[in-house]
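What follows is each chain in one-letter form.
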Amino acid sequence: MYEDIKKIEDSFIKEQQELFKRIDFANRVVLPDVNTVAGADIAYWNKDGKEYAVCCIVVIDYRTHKVIEEASYTASINVPYIPGCLAYREIPVFMETYQKISNVPDVIFFDGNGYMHPRHMGLAVHVGILLGKITVGIAKTYYKIHNVDFEMPENIAGAYSDIVINGEVYGRALRTHAGVKPVFVSTGNKISLDMAIHMANELTEKESHIPIPTRLADLMTHKERKKYNALD
């Protein structure tokens, strides 16, 4: 069993190393041309000895923040959990959900990491490469890499601190409101870290410290998971 998982892990890591070469580090965002932004989140649960996941995608208008479209997809999960390879569990269910969206978003925010990953291949990067889309990772909790902690940003709205690991900036801890916990922003594909921070601030309202796209997607996953578990 262990040997099988090790083979799977080695295969995943090899593919991640190849995919890394395809990251587009240039900033392709032209703000006047951005009309829609999607938020994507995935939640897991176990039922009757099986593991399930639901992916929810919510597309909003970048300027008005109004919801344009939402979609969800639920499936059983058969890929084992391997640290650093979480995207391989999430990509299939995300892709199925994405196929349901008729309003193709200009930018996708993921509830999770992008470049802030041991091999810089968090879900936001991985999907960004596969779709050729502009993507951003917005994590609610800090993913510690090489035992490096982050520096808490100043207690003012919009303050941030770079997360530097072995001399390289992996992402930023961003405080979207004073007096709240920071979120952790990292680039996915085709966007600069400065632009990702700017958009995250633009998409955060008073009700929450989490940008609207991923906040709405997160709330939707809770509803869908509850709905699924209520079924007999």
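Quick notes on the rules
Residues numbered from 1 in each chain as written. Predicted model: local features only at pLDDT ≥ 70, side-chain atom pairs only at ≥ 80, totals over all residues. Heavy atoms only, no water. Helix = DSSP H or I, 4+ residues; strand = E, 2+ residues; numbered from the N terminus. Axes fitted to C-alpha atoms, helices over the stretch in contact; angles between N-to-C directions. Parallel < 35°, antiparallel > 145°, perpendicular 65-115°, else oblique. Left-handed = near helix turned anticlockwise from the far one by under 90°. Contact = heavy atoms within 4.5 Å. Nonpolar A, V, L, I, M, F, W, Y, C, P; charged D, E, K, R; others polar. Disulfide = S-S within 2.5 Å. Buried < 20%, exposed > 50% of the residue type's maximum accessible area, 1.4 Å probe, protein only. Phe/Tyr/Trp six-rings, centres within 6.5 Å; stacked < 30°, edge-to-face > 60°.

1. A word on the environment of lysine 181
- Its place among the elements puts lysine 181 in the loop between β7 (168-175) and β8 (183-189).
- Considering only alpha carbons, one finds lysine 181 and threonine 141, 40 residues apart in sequence, at a separation of 9.3 Å.

2. Thoughts on the packing of helix α2 (residues 87-98) against helix α3 (residues 123-131)
- Closest axis-to-axis distance for the α2/α3 pair is 10 Å, and the angle between their directions is 50°. Looking at the two axes, α2 sits oblique to α3. In this structure, α2 crosses over α3, and the sense of that crossing is right-handed. Note on element contacts: α3 touches α2 through Leu123, His126, Val127, Leu130 and Leu131, opposite Ala87, Tyr88, Glu90, Ile91, Phe94, Met95 and Tyr98.
- A class-by-class count of the residues in the contact of α2 with α3 yields 10 nonpolar, one polar and one charged.

3. Section: the state of the cysteines
- Tallying each qualifying case throughout the model produces zero disulfides.
- Residue cysteine 85 stays outside any disulfide, its sulfur separated by 19 Å from that of cysteine 55, the closest cysteine.
- Classification of cysteine 85 by relative accessible area gives buried; the value is 1%.

4. What to know about the packing of aromatic side chains
- In total, this model carries 12 aromatic pairs according to the counting rule given.
- Feature note: the residues Phe20, Phe25, Tyr115 and Tyr170 constitute an aromatic cluster, connected by ring pairs.

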